[in-house]
Amino acid sequence: MEPKKTYRSFRYKADLAWTSARRGLIKSLSKHDVEVGSPPEFKGEPGVWSPEELLVGAVNTCMMLTFLAFAVRKEIEPVSYESSAEGMLENVDGQYRITQVTVQPSIVLKSEADLAVAEEIMKSVKENCFISNSLSGRVTLSPQLRVGA
Amino acid sequence: MDGRRPHRVFRFRNNATWKSGRTGVISASGKPDLATSSPPEFGGRPEYWSPEDLFAATVNVCLMQTFMAFAARSNVGVVSYESEVEGVLERAEGRYRFTEFTVRPVLVLQTAADLERARTLMESAESSCLISESVRANVRLVPEFRLAAMGQRTVA
């Protein structure tokens with residue numbers, strides 16, 4: 001009989017406390033608190049992270065960390081990795097939701113050989129990013145790779 | 001012709017920059033930078049927010065904000081709102097993803113009338129939270145409503 005691989009499951013917790021009006025603090029064990037609020041479009045303040053922005057930030061970071069994990073495994077290290085992400089919130093059938101997230105990383109590699117490896121890695125990043133797998137909207141990953149110092 | 005006001009489209013932008021190892025920074029115009037890392041189970045550092053933690057937090061925060069917006073509109077006296085979220089990340093249909101979030105808000109209300117209205121508003125919040133609508137996972141809401149003790153009945 002073929003032994004079936006078992007996969008672990010993981011749990012993530014985050015506490016939240018309301019502070020005033022539309023603001024709150026998110027807390028999690030040993031991490032520093034983050035102030036959160038409504039986005040400015042919904043009567044919030046621009047200097048505070050909103051859940052919509054954090055969600056887009058989580059997708060952006062998840063792609064980056066997934067790429068970096070694979071890069072370590074393939075023994076390459078980028079010179080730099082910077083990525084912009086944009087999420088679109090729109091009304092579908094009477095309900096607002098994030099319909100699309102576009103992630104555009106710019107990655108600088110040390111050599112042409114590293115660049116070829118990075119290109120190969122990028123092909124499997126999206127399907128291995130836990131956060132993009134967890135969204136109902138469409139996620140697009142458009143990386144730009146170049147060799148540089 | 002349909003005379004309804006067209007719904008607006010909102011865009012949210014930010015940047016992620018790699019620092020070293022499995023850590024980076026998320027930045028967005030005008031906001032404090034947020035240090036992030038893979039979760040410790042995946043070689044990251046426990047003192048930083050991981051995308052998984054942030055993702056779970058967005059579900060929690062969105063429900064609170066939706067509820068508080070409704071409560072403000074209906075003049076419901078909320079003394080405090082604290083909420084824990086737990087997200088389950090597991091392999092489903094061949095890929096790891098969040099399959100369930102359990103949100104446990106504990107609300108303290110000023111009066112018995114506020115408490116009753118809060119129950120109804122929480123149900124509305126559950127069905128109109130836009131983050132819950134944006135995730136594939138099942139969002140389970142388990143609220144607890146308490147009446148403020150005497151002397152605690154003014155909004156902090």
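Anything mentioned here points back to the structure above.
Here we summarise the structure given alongside this text. Because the structure is predicted, anything quoted here is derived from the model rather than measured. Residue numbers here run from 1 along each chain, matching the order of that chain's written sequence. The naming scheme follows written order: chains are lettered A onward, ligands numbered 1 onward. Local features in this predicted model are restricted to residues of pLDDT 70 or higher, and side-chain atom pairs are both shown and tallied only at a pLDDT of 80 or more, whereas totals for entire chains, interfaces and linings draw on every residue. Note: side-chain values were computed over all heavy atoms of the structure, leaving out hydrogens and water.

Things to note about the environment of Lys123 of chain A
- In this text, helices come from DSSP runs of H or I with a minimum length of four residues, and strands from runs of E with a minimum of two, each type numbered from the N-terminal end. One can find Lys123 of chain A in helix H2 (residues 112–128).
- Sequence separation between Lys123 of chain A and Leu29 of chain A is 94 residues; the distance between their C-alpha atoms is 35 Å.

What to know about the packing of aromatic side chains
- Pairing of aromatic side chains requires ring centres within 6.5 Å, counting the rings of Phe and Tyr and the six-membered ring of Trp. Pairs whose planes differ by under 30 degrees are stacked, by over 60 edge-to-face, and all others tilted. Across all of its chains, the model carries 12 aromatic pairs over all chains by this definition.
- Clustering of aromatic rings is evident, with ring pairs tying together Tyr7, Phe10 and Phe130 of chain A together with Phe42 and Tyr96 of chain B.
- A cation over an aromatic ring shows up here: Arg91 of chain B above the ring of Tyr7 of chain A, its NZ or CZ 3.9 Å from the ring centre. A ring has a charge above it when a Lys NZ or an Arg CZ is no more than 6 Å from the ring centre and no more than 35 degrees off the ring normal.

Points about unusual backbone geometry
- Positive phi values are uncommon outside glycine, yet Glu75 of chain A reaches one of about 60°.
- Only protein chains enter the area calculation, which uses a 1.4 Å probe; residues under 20% of their type maximum are buried, those over 50% are exposed, and those in between are partly exposed. Glu75 of chain A sits in the exposed class, given a relative accessible area of 72%.
- The phi dihedral of Asn75 of chain B is positive, around 55°, even though this residue is not glycine.
- Secondary-structure assignment places Asn75 of chain B in the loop between helix H1 (51–73) and strand S4 (78–92).

Points about the interface of chain B and chain A
- Any two residues having at least one pair of non-hydrogen atoms within 4.5 Å are treated as being in contact. Of the residues lining the interface, 79 residues belong to chain B; the matching set on chain A comes to 76 residues.
- Of the roughly 7300 Å² buried between chain B and chain A on both sides combined, carbon and sulfur atoms contribute 63%.
- When two parts are brought into contact, each loses some accessible area as probed by a 1.4 Å sphere; the total of that loss over both is the buried area. Summed over the three residues of chain B that lose the most area to chain A, namely Phe12, Trp18 and Trp49 of chain B, the buried surface amounts to 13% of that side.
- We define a salt bridge as a contact between a side-chain nitrogen of Lys or Arg and a carboxyl oxygen of Asp or Glu at a distance within 4 Å. Our enumeration of links across chain B and chain A arrives at six salt bridges.
- As a salt-bridge pair, Asp53 of chain B and Lys31 of chain A come within 3.5 Å of each other at their nearest N and O atoms.
- N or O atoms within 3.5 Å of each other form a polar contact, as long as, within protein, one can give a hydrogen and the other can take it, and as long as residues adjacent in sequence are counted only when both atoms are side-chain atoms. Linking chain B with chain A are 37 residue pairs in polar contact (both at pLDDT 80 or more).

Regarding helix H1 (residues 51–73) of chain A
Residue and element names in this part refer to chain A.
- Counted at 1.5 Å a residue, the expected span for H1 with its 23 residues is 33 Å, and the 32 Å between its end C-alpha atoms agrees.
- Of all 23 residues in H1, 21 are buried, a share of seventy percent or more.
- Remark: Glu75 follows H1 within two positions and exhibits a positive phi of approximately 60°. Each helix should span, by expectation, one fewer than its residue count multiplied by 1.5 Å.

Re the state of the cysteines
All names here are of chain A.
- Throughout, a disulfide means two cysteine sulfur atoms within 2.5 Å of one another. Per the stated rule, a full pass over the model turns up one disulfide over all chains.
- Here Cys62 pairs with Cys129 through a disulfide, and the sulfurs are 2.4 Å apart. Placement of the pair is Cys62 in helix H1 and Cys129 in the loop between H2 and helix H3 (130–133), with a sequence separation of 67 residues. Here Cys62 and Cys129 have matching classes, each one buried.

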